[in-house]
Amino acid sequence: MSLQAFFAQNVQSELTEEFVVSERFKEDNGASIKWELKTLTESENEMIRKSATRSVKGKNGARSTETNPEDYVAKLAVASVVYPDLQSADLQQSYGVMGADNLLKKMLLSGEYANLLAKVQELNGFDRDINDMAEEVKN
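Reading the values: the criteria
Per chain, the residues get numbers from 1 upward, laid out in the order the sequence is written. For a predicted model such as this one, the threshold for reporting local features is a pLDDT of at least 70, and the threshold for listing and counting side-chain atom pairs is 80 or more; totals across whole chains, interfaces and linings nevertheless cover every residue. Hydrogen atoms and water are omitted, and side-chain values are computed over all heavy atoms in the structure. Put simply, DSSP H or I for four residues or longer makes a helix, DSSP E for two residues or longer makes a strand, and each gets a number counted from the N terminus. Residue burial is assigned from relative accessible area. The probe radius is 1.4 Å, only protein chains are included, and a residue is buried under 20% of its type maximum, exposed over 50%, and partly exposed in between. In what follows, a contact means two residues having at least one pair of non-hydrogen atoms within 4.5 Å. By definition, two strands form a pair when at least two bridges between them are found by DSSP. One speaks of a salt bridge when a side-chain nitrogen belonging to Lys or Arg is within 4 Å of a carboxyl oxygen belonging to Asp or Glu.

Colleague: Could you give an account of the side chain of Asp 71, naming the residues involved and the relevant values?
Modeller: Assignment of secondary structure puts Asp 71 in helix 2 (residues 69-80). A residue is classified by how much of its surface remains accessible, and Asp 71, at 17% relative accessible area, is buried. Look past the residues within four positions of Asp 71 in its chain and what remains in contact with it is Ser 51, Ala 52, Arg 54 and Asp 101.

Colleague: Just give me the short version of the pairing of strand 4 (residues 63-67), but keep the residues and values in it.
Modeller: Here strand 3 (residues 53-57) pairs with strand 4 via 5 bridges, running antiparallel. Bridge pairing in strand 4 links Val 56 to Ser 64. Linking strand 3 to strand 4, which pair antiparallel, is a turn of 5 residues; within it Asn 60 sits at a positive phi near 60 degrees.

Colleague: I'd like a rundown of the pattern of salt bridges, residues and numbers included.
Modeller: It is possible for side chains bearing opposite charge to pair when their charged atoms get close. Using the criterion set out here, one finds 6 salt bridges in the structure. The salt bridge partner of Asp 71 is Lys 75, with a shortest N-O separation of 3.7 Å. Here Asp 71 and its partner Lys 75 are both found in helix 2, 4 residues apart, which amounts to about one turn of the helix. A salt bridge links Glu 122 to Lys 119, with the shortest nitrogen-to-oxygen separation between them at 3.3 Å. Remark: Lys 119 and Glu 122 occur in helix 5 (residues 110-123); sequence separation between them is 3 residues, near one turn of the helix. Given a relative accessible area of 12%, Lys 119 falls into the buried group. It is possible to trace a salt-bridge network through shared partners that takes in Glu 17, Lys 119 and Glu 122.

Here's what the structure looks like:
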């Protein structure tokens, strides 16, 4: 085995996959539009996790950190969606929201959103249920 197989230039770094998030979004010919999702590195995941983590005051004034699992998975999903462009001001305006995470929640039905989160989790190599992952992030 060669160590060169692990060199950055020899590794497929970003994988993408198409996924029908909702049957409600149709092309002109009536076919369901596939969304494009990408994998994230652990560095990207760590930045997302940190952005969903807040310092909280505990008993006797002790400070600790707490990660909001809903915020974390929403940001994880946003970072994984390549198409449609969730950052598009026009798309956000059409739904009357600001922010890509708010857009996803407005665009999708509850079950569609849950399916997207599950697919993002699977694509990024998480083997556990999204609720288990959120629970782990809390601790």
